Amino acid sequence: MSDIILQVKNLKTYFYTAQGIIRAVDNVSYDVRQGETVALVGESGCGKSVSALSLLRLVPQPGRIVSGQVIFNGQDLLKISEAEIRTIRGHHIAMVFQEPMTSLNPVLSIGEQIAEPVRVHLKMDGKSARQHVMKLLDSVGIPDAERRYHDYPHHFSGGMRQRVMIAIALSCNPKVVIADEPTTALDVTIQAQLLDLMTGLAHRSGTAVILITHNLGVVARYADKVNVMYAGRIVESGSGDSVYEAPKHPYTLGLLQCVPRIDRGKVRKLAPIDGLPPDLSRELTGCYFRPRCPFSISRCSQEYPPLEGLNNEHQYACFVPR
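All of the points below concern the structure found in this document. The model shown is predicted, which means the values in this text are computed figures rather than measured ones.

Okay, the overall build of the chain next. When helices and strands are tallied, the chain shows 11 helices and 12 strands. The C-alpha atoms of the chain give 21 Å as radius of gyration, which agrees with the globular expectation for 322 residues (20 Å, within 12%). Judged by the C-alpha coordinates and their principal axes, the chain covers about 70 × 50 × 45 Å. Here the chain, with 322 residues, has 49% of them falling under the buried criterion. Residue pairs in contact within the chain that sit at least 24 positions apart in sequence constitute 63% of those at least 6 positions apart. Across the chain, the mean location of the 35 positive side-chain charges is 2 Å away from that of the 31 negative side-chain charges.

Quick look at the structure:
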């Protein structure tokens, strides 16, 4: 337990809309250990990004964190003051957002944007901050740092902008980096380069990474632990090896069957998951995946299965595990 640096316990985040209450994150719990990469995986709309934003209390209106705990350094981040959480954001827990072009300020140079958290959190003066930024730009693979320091976001390609986001996230040597689909809209070669870069830099400094993605190929390569989310809940959790080698939940199995496998050639067709995710504004009974599950039994319509397993290393919420 001593190497656990972040604990998420029974987190619930709801959106209060005119159409009803949307239970975007519904009783999510997991741990993050030092130097570990923990993946949150699932379809769009399953609650991955909202759960990550909840950790830093960045949920937009009309969203509200209803209950739960986020324990970091012995503090519950959901109970501390706004001034205290600002000292955590960007310093001890940093975030790489999904789309850098909308996250970076278009009227500030990238040098100024990387230097800002350094000056605020590390209290560096202008000269020291500039030298630190130069080292960061070099470490994330941006050449000619002296000149690019003064460039603006629109001067960079998508991959280079994401390198700037990684530099900002790692600028204060955080203990946890949350990467929210950091390679969206990038080609596969650039994706691999950026993920290798981010996880490599993070692990060398002992930083833990929470990787949010729907790309199971990414998860297979980088994640130490995998949490599979469906309809706001974790339905399977385990080490990357155990989840890939022996998936237990039908949803996890369905996700894996949708992934092309070059080792199987054209012998086996991809098998899509039938149906659509449930409407989270409605009161749901039983297992949320039941309408799409080919293995459901009558019990599945009556009660939600608890997240459990043979041991704490691999757990699943299913009455009929595979």
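From this point, the narrative continues.
Take the environment of Thr-184 next. Assignment of secondary structure puts Thr-184 in the loop between strand E7 (176-180) and helix H8 (188-204). By relative accessible area, Thr-184 is classed as partly exposed at 33%. For the pair formed by Thr-184 and Gln-98, sequence separation is 86 residues and the distance between their alpha carbons is 6.7 Å.

Summed over all chains, the structure comprises 12 salt bridges. For Glu-283, the salt bridge goes to Arg-23, with nearest N and O atoms at 3.0 Å. Here Glu-283, found in the loop between helix H11 (250-257) and strand E11 (308-311), pairs with Arg-23, found in strand E2 (residues 20-33); they are 260 residues apart in sequence, far enough to count as distant. Judged by its relative accessible area of 19%, Arg-23 is buried. If you follow the salt bridges from partner to partner, you end up with Asp-144, Arg-147, Arg-148 and Asp-151 in one network.

Given 3.6 residues per helical turn, the α-helix brings residues three or four places apart onto the same face. Among the 8 residues of H11, 6 are classified as buried, and the element is accordingly described as predominantly covered. The set of residues buried in H11 consists of Pro-250, Tyr-251, Thr-252, Gly-254, Leu-255 and Leu-256. Of the surrounding secondary structure, the elements contacted by the buried residues of H11 are helix H9 (216-222), strand E9 (225-230), strand E10 (233-239) and helix H10 (240-245).

Let's shift gears to the side chain of Ser-242. Mapped onto the secondary structure, Ser-242 falls in helix H10. Setting aside residues up to four positions removed in sequence, Ser-242 forms contacts with Pro-247, Glu-313 and His-314.

Nonpolar side chains collect at one region of the surface, where Tyr-16, Ile-21 and Val-66 lie side by side and expose about 210 Å² of accessible area between them. Within the fold, Tyr-16 resides in strand E1 (residues 4-17).

Reading guide: rules and limits
- Residues numbered from 1 in each chain as written.
- Predicted model: local features only at pLDDT ≥ 70, side-chain atom pairs only at ≥ 80, totals over all residues.
- Heavy atoms only, no water.
- Helix = DSSP H or I, 4+ residues; strand = E, 2+ residues; numbered from the N terminus.
- Rg over C-alpha atoms; globule rule 2.2 N^0.38 Å.
- Buried < 20%, exposed > 50% of the residue type's maximum accessible area, 1.4 Å probe, protein only.
- Contact = heavy atoms within 4.5 Å.
- Lys, Arg positive; Asp, Glu negative; His and termini not counted.
- Charge placed at Lys NZ, Arg CZ, Asp CG, Glu CD.
- Salt bridge = Lys/Arg side-chain N within 4 Å of Asp/Glu carboxyl O.
- Patch = residues over 30% accessible without salt bridge, like charges linked within 9 Å, V, L, I, M, F, W, Y side chains within 5 Å.
- Areas by Shrake-Rupley, 256 points an atom, 1.4 Å probe, with all protein chains shown as cover.

Remember that the coordinates give geometry; whether it matters functionally is a separate question.
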